[in-house]
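So the chains spell out like this:
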Amino acid sequence: MNREAEVVVTGIGAVTCHGAGAGTLWRAMTAAGVRLPDRPADPLARMELPLINLVPDLCPGAVPAAGRASRFASLAAAEALSDAGLDAASLSTLRTAVVLGSCMGEPGGNERGRGTDGGWAPPFRLATALAAELGLFATVHDLGNACAAGGYALGVAADLVRAGEADVVIAGGSDAYSRVALGCFNRLGAVDPERCRPFERDRAGTVFAEGAGILVVESAAHARARGALPAVRLDAVAWSCDADHPTAPGADGEQIVRAMREAVGGAPDTVGCVVPHGTGTRLNDVLESRALHRVLGPRAARVPLFSLKALLGHSGGASAALGAVAAALILRHGEIPPNVPLKEQDPECAVLLPQDGPVPPAAGAGRVLVNAYGFGGNNASLVLARTGGESR
Amino acid sequence: MSGVSAAELAVTGVGVVSPWGDSAEAAVVAGGSAMPGAGEWFSHRERLGRRGYKYLPAAAQYALAAARGAVADGGRPDAVPAERRGLLLATGTGLAALFEAMDATVTEEGAAALSPATAPYFAVNVLGNRLAAEFGLKGFSLTVATAGTAAVDALSAGALALAAGRCDSLVLAATEEPLPPGRGGGGQQGSVVFTLEPPAAARSRGARVHGTVRARSLFLPPGALRDFEGRSRAAGLLAGALTDLLGERTRDDSVDVHLDLDGSTVSEAVALAVAGATTGAGRTALGSHPTAPAGAPGTGLPAGAAGAGCLGGALAVAHAVTAPHGPERLVVCASGAGHVALVRVVPSPSSTGAVAC
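Note that the structure is predicted; figures quoted are calculated from it, not measured.

Parameters at a glance
Residues numbered from 1 in each chain as written. Chains lettered and ligands numbered in written order. Predicted model: local features only at pLDDT ≥ 70, side-chain atom pairs only at ≥ 80, totals over all residues. Heavy atoms only, no water. Helix = DSSP H or I, 4+ residues; strand = E, 2+ residues; numbered from the N terminus. Buried < 20%, exposed > 50% of the residue type's maximum accessible area, 1.4 Å probe, protein only. Contact = heavy atoms within 4.5 Å. Areas by Shrake-Rupley, 256 points an atom, 1.4 Å probe, with all protein chains shown as cover. Lys, Arg positive; Asp, Glu negative; His and termini not counted. Charge placed at Lys NZ, Arg CZ, Asp CG, Glu CD. UniProt positions renumbered as here; feature names shortened; annotations may be inferred. Buried area = accessible area lost by both parts, 1.4 Å probe. Salt bridge = Lys/Arg side-chain N within 4 Å of Asp/Glu carboxyl O. Polar contact = N/O pair within 3.5 Å; in protein donor to acceptor, adjacent residues only side chain to side chain. Axes fitted to C-alpha atoms, helices over the stretch in contact; angles between N-to-C directions. Parallel < 35°, antiparallel > 145°, perpendicular 65-115°, else oblique. Pairing = 2+ DSSP bridges. Core = buried A, V, L, I, M, F, W, Y, C linked by side-chain atoms within 4.5 Å. Phe/Tyr/Trp six-rings, centres within 6.5 Å; stacked < 30°, edge-to-face > 60°. Lys NZ or Arg CZ within 6 Å of the ring centre and 35° of its normal.

Enquirer: Even after reading the chapter, I still don't get the overall build of chain A, so can you show me in this structure?
Expert: Secondary structure assignment for chain A yields eleven helices and twelve strands. Along the three orthogonal principal directions, the C-alpha set of chain A runs to about 55 × 55 × 40 Å. Out of the 392 residues in chain A, the part that is buried amounts to 67%. At a minimum sequence separation of 6, the contacts of chain A that also span at least 24 residues come to 79%. If you sum the accessible surface of chain A, you get close to 11800 Å²; carbon and sulfur atoms cover 54% of it. Taking the average location of the 34 positive side-chain charges in chain A and that of its 39 negative ones, the two points are 1 Å from each other.

Structure follows, in structure tokens:
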């Protein structure tokens, strides 16, 4: 294991409520429009707020409910591999791995009236399905780390690369509509009736979203050897666990601070942008804002945040991977798009959310921090940077 | 490509909770008996305490009891600071029954009728939450949910995390509940927990070590096994992995092979490779037997449904690492979906008694 080996991102792919493609995502990011939630075409969704940001153009008739999350992952992976300059022939000569995280896996078929009633299939089979589709003889892991799952998947990917166990890792996360998940979030009083509004003063919860984010990860040496010219590197992925309450984040924020500090390393001044976890739940946004101040120090109030969930909703196990894709887009384009306009920012969340147009990263700081937190106190923080830029 | 090349891990504690008794051997030996109904064999009040455990899903209760068993067996998660302890949660079918019940509630009565105590468990990783809290596992909590091989896959992922410096010790909890009757029923129930750390660390603190394990996780795309080229590639991959794992051996080296396979073409390829690797030139023919009789956890169940449970492999490793001193053991798991996991188990020289390494 060479813990210092440089890990790069050579390809990205995305499927979101704005459509398929990282280019589509970037256009949505720069447009910063308000996305109101959809109502799933599910007559059995008996709940007060059956709200979710659905992926368009993949209507239930086109893709069986049992296979939406796999379809999202497949589309995003195809884009990421193309972006990385890898086709089936080249993949077949490499030591590959597929590591995908999800909160719900592929739940549709196990919910009444949405699949093969009476049967049951293992829900966590997204990486398995993708590897089978690509015909990969590979290392394949399906992870179930709730809303931090994509961050855990990218951590395993980095570990595989640094251990020299894989030349190329297809990693990320995917999640699709689940009646059970949305029903449980309704029961927990965690759904905002309006839309996903992180850091707003009157936010009332989150709004789930469908989507997938996939990254092609490899060592810089391997990328160079095959002629790839990656613009982005994956500096660090750190994990922690609150080991406390099943749903509420640790009140002292100690473990999310630790994960952030480990990811940032000894150079908090090099963080020029943050893609926060920021779901819109009252406690979470305040805790994360305070934790950012502890990690970044007095600069925290001047480091721009790009609040991705305000644009996409909360895509569960895909959210960290989509955060990493958004970070890669910010690094490639060299600017931070404006945030979806806030009616009024919560004064308890003392963070910078530019809304008047694109802004550059904080002066002299080119790295992007991505946070992801899940039920069970599962935390992940990632740092991405431009290749050739400042390091930890 | 030889899969995840995991570092060696020392097993310092093993805890088993099963309908057939709290040892891997009991679970294996009694495997042919009828499976008791879910919950009829396990009292959370007697096993965990009178208060505070009632609303935990059964799989979480099993994991807690097994973890306490692993600590009673000598595991010491607290030998390192809380922030250096990692949790590996492995499950394939763990919450299927709860999901089915919650879906019934939502569709028949509405989400407002859901229990707030169980609602957080729509996220399967929450199964490990109480365990992490009770043992202060703050390093991380990684949930591996790959159908069929999750427990042994977690071994290799955990070793990788250790090598990456994410933690200094690990608690691996494999836990399952049966499938709901309306979805076919059957499946596995119970939990197996291992406490793990680098062998050198265990030696330096004078810990008793049951044995050491090294794992490999591979994937063979089932569709590729239809043609000769694909089967040849799979055979080469498996042979390489087995050689990496077992090393060069002489005819005097014997290895006891434990198989946890289904009837799939993937399992056929694996069985062939294991037989070839262990009976070739310069190698001793190996004893090969199933982990448990038909009907026991991990055997005789349809792939993709009840066979998604991960206890077959976990029990096989637990049995191999706690069995009386003998030859090295190879645990082999495979599923029709394409997953293959190989674990080499090296018992400590005197694992039948307390051993100070």
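Enquirer: I would appreciate a short explanation of the UniProt feature "domain: Beta-ketoacyl synthase-like N-terminal" (unreviewed entry) in chain B in the present structure.
Expert: The UniProt entry lists residues 57-215 of chain B under the feature "domain: Beta-ketoacyl synthase-like N-terminal" (unreviewed entry), expressed in the numbering used here. The distance from the first to the last C-alpha atom of residues 57-215 of chain B is 29 Å, and the span holds 35% helix and 20% strand.

Enquirer: So what exactly am I meant to see when it comes to the side chain of S289(A) here?
Expert: Residues and elements named next belong to chain A. Tracing the sequence through the fold places S289 in helix α9 (residues 282-296). Judged by its relative accessible area of 1%, S289 is buried. In contact with S289, not counting residues within four places along its chain, are F199, E348, C349, A350 and V351.

Enquirer: Please explain the interface of chain B and chain A as it appears in this structure.
Expert: Accessible area lost when the parts come together is the quantity often used to give the size of an interface. Contact residues are listed per partner, giving 72 residues for chain B and 71 residues for chain A. Summing both partners gives a buried area of about 5800 Å² for chain B against chain A, and 60% of it is carried by carbon and sulfur. There are four salt bridges connecting chain B and chain A. Among the salt bridges present, the one from R166(B) reaches D159(A), with a minimum N-O distance of 2.8 Å. Inspection of the chain B/chain A interface yields 32 residue pairs in polar contact (both at pLDDT 80 or more).

Enquirer: Is there a simple way to explain the environment of G247(B) in this structure?
Expert: Residue and element names in this part refer to chain B. Tracing the backbone through its elements, the reader meets G247 in the loop between α8 (228-246) and β7 (255-260). On the basis of relative accessibility, which here comes to 23%, the residue G247 falls in the partly exposed class. The sequence separation of G247 and A157 amounts to 90 residues, and the corresponding C-alpha distance is 21 Å.

Enquirer: Even after reading the chapter, I still don't get the packing of helix α1 (residues 22-31) of chain A against helix α11 (residues 319-333) of chain A, so can you show me in this structure?
Expert: A pair of packed helices can be characterised by two numbers: the angle between their axes and the separation between those axes. Residues and elements named next belong to chain A. In contact at an axis separation of 11 Å, α1 and α11 are set at 75° when each is read in the N-to-C sense. Comparing their axes, α11 and α1 come out roughly perpendicular. Across the interface between the two elements, A22, L25, W26 and M29 of α1 pack against V325, A326, L329, I330 and H333 of α11.

Enquirer: Could you clarify how one ought to interpret the pairing of strand β6 (residues 168-175) of chain A in this entry?
Expert: Residues in a regular strand point their side chains to alternate faces of the sheet. Residues and elements named next belong to chain A. Of all eight residues in β6, eight are buried, a share of seventy percent or more. The side-chain alternation of β6 yields two buried faces, one formed by V168, I170, G172 and S174 and the other by V169, A171, G173 and D175. As paired strands, strand β4 (residues 96-101) and β6 are joined by six bridges and run parallel to one another. By the bridge assignment for β6, V99 is matched with A171. For β6 and strand β8 (residues 211-219), the ladder comprises eight bridges, and the chain directions are antiparallel. Within β8, the position partnered with V168 by the bridge is E218.

Enquirer: What am I meant to see in unusual backbone geometry here?
Expert: What is expected of a backbone is that most residues other than glycine have negative phi and most peptide bonds are trans. All names here are of chain A. If you check the backbone angles, A146 has positive phi at about 50° while not being a glycine. Overall, A146 belongs to the buried group, its relative accessible area being 1%. Of note, the phi angle at F199 is positive, near 70°, even though the residue is not glycine. Looking at the secondary structure, you find F199 in the loop between α6 (179-187) and β7 (208-209).

Enquirer: What's the story with the nonpolar core in this structure? I'm lost.
Expert: Here is a general trend for soluble globular proteins: nonpolar side chains tend to be buried in one another's company. Among the nonpolar cores identified, the biggest contains 103 residues, and L384(A), L142(B) and F194(B) are the most heavily contacted of them. At eleven residues, the largest contribution of residues to this core is made by α11(A). Excluding residues that lie within four positions of it along the chain, L142(B) makes contacts with L143(A), N145(A), Y152(A), V156(A), W239(A), L87(B), L88(B), L89(B) and A157(B). Within the second largest apolar cluster, 60 residues are counted, among which are F375(A), L56(B), A111(B) and A145(B).

Enquirer: Explain the environment of A269(B) to me, please; I cannot follow it from the model alone.
Expert: All names here are of chain B. Tracing the sequence through the fold places A269 in helix α9 (residues 265-279). Judged by its relative accessible area of 19%, A269 falls in the buried class. Taking the C-alpha atoms as reference, A269 lies 29 Å from T322; in sequence the two are 53 residues apart.

Enquirer: Help me understand the pattern of salt bridges in this model?
Expert: Working definition: two side chains of opposite charge can pair if their charged atoms are close together. Residue and element names in this part refer to chain A. Under the criterion given, the structure shown has 34 salt bridges over all chains. When the shortest N-O distance is used, the salt bridge between D167 and R95 registers 3.0 Å. Of this pair, D167 sits in the loop between α5 (149-162) and β6 while R95 sits in the loop between α3 (88-91) and β4; the two residues are 72 residues apart in sequence, bridging distant segments of the chain. For D167, a relative accessible area of 16% puts it in the buried group. Under the relative-accessibility criterion, R95 is labelled partly exposed at 27%. Across the salt bridge formed by R114 and E111, the nearest N and O atoms sit 2.7 Å from each other. Look at the salt bridges and you will find they share partners, linking D192, E194, R197, D202 and K343 into a network.

Enquirer: Where do I start with the packing of aromatic side chains in this structure?
Expert: Given two aromatic rings, one states the distance between the centres and the angle between the planes to describe the pair. All told, the structure shown has ten aromatic pairs over all chains when counted by the stated rule. On the numbers, 4.4 Å between centres and 35° between planes, the contact of F185(A) with F208(A) is tilted. Here F185(A), found in helix α6, pairs with F208(A), found in strand β7; they are 23 residues apart in sequence, far enough to count as distant. The class for F208(A) is buried, based on a relative accessible area of 11%. Ring plane angle 80° and centroid distance 5.0 Å describe the contact between F42(B) and Y62(B), whose orientation is recorded as edge-to-face. Of this pair, F42(B) sits in the loop between α1 (24-29) and α2 (44-47) while Y62(B) sits in helix α3 (residues 58-72), placing them 20 residues apart in sequence. According to the relative accessible area criterion, Y62(B) is buried, its value standing at 1%. Clustering of aromatic rings is evident, with ring pairs tying together F185(A), F208(A), F375(A) and F122(B). Here R166(B) stacks its cationic end above the ring of W239(A), 4.0 Å away from the centre of that ring.

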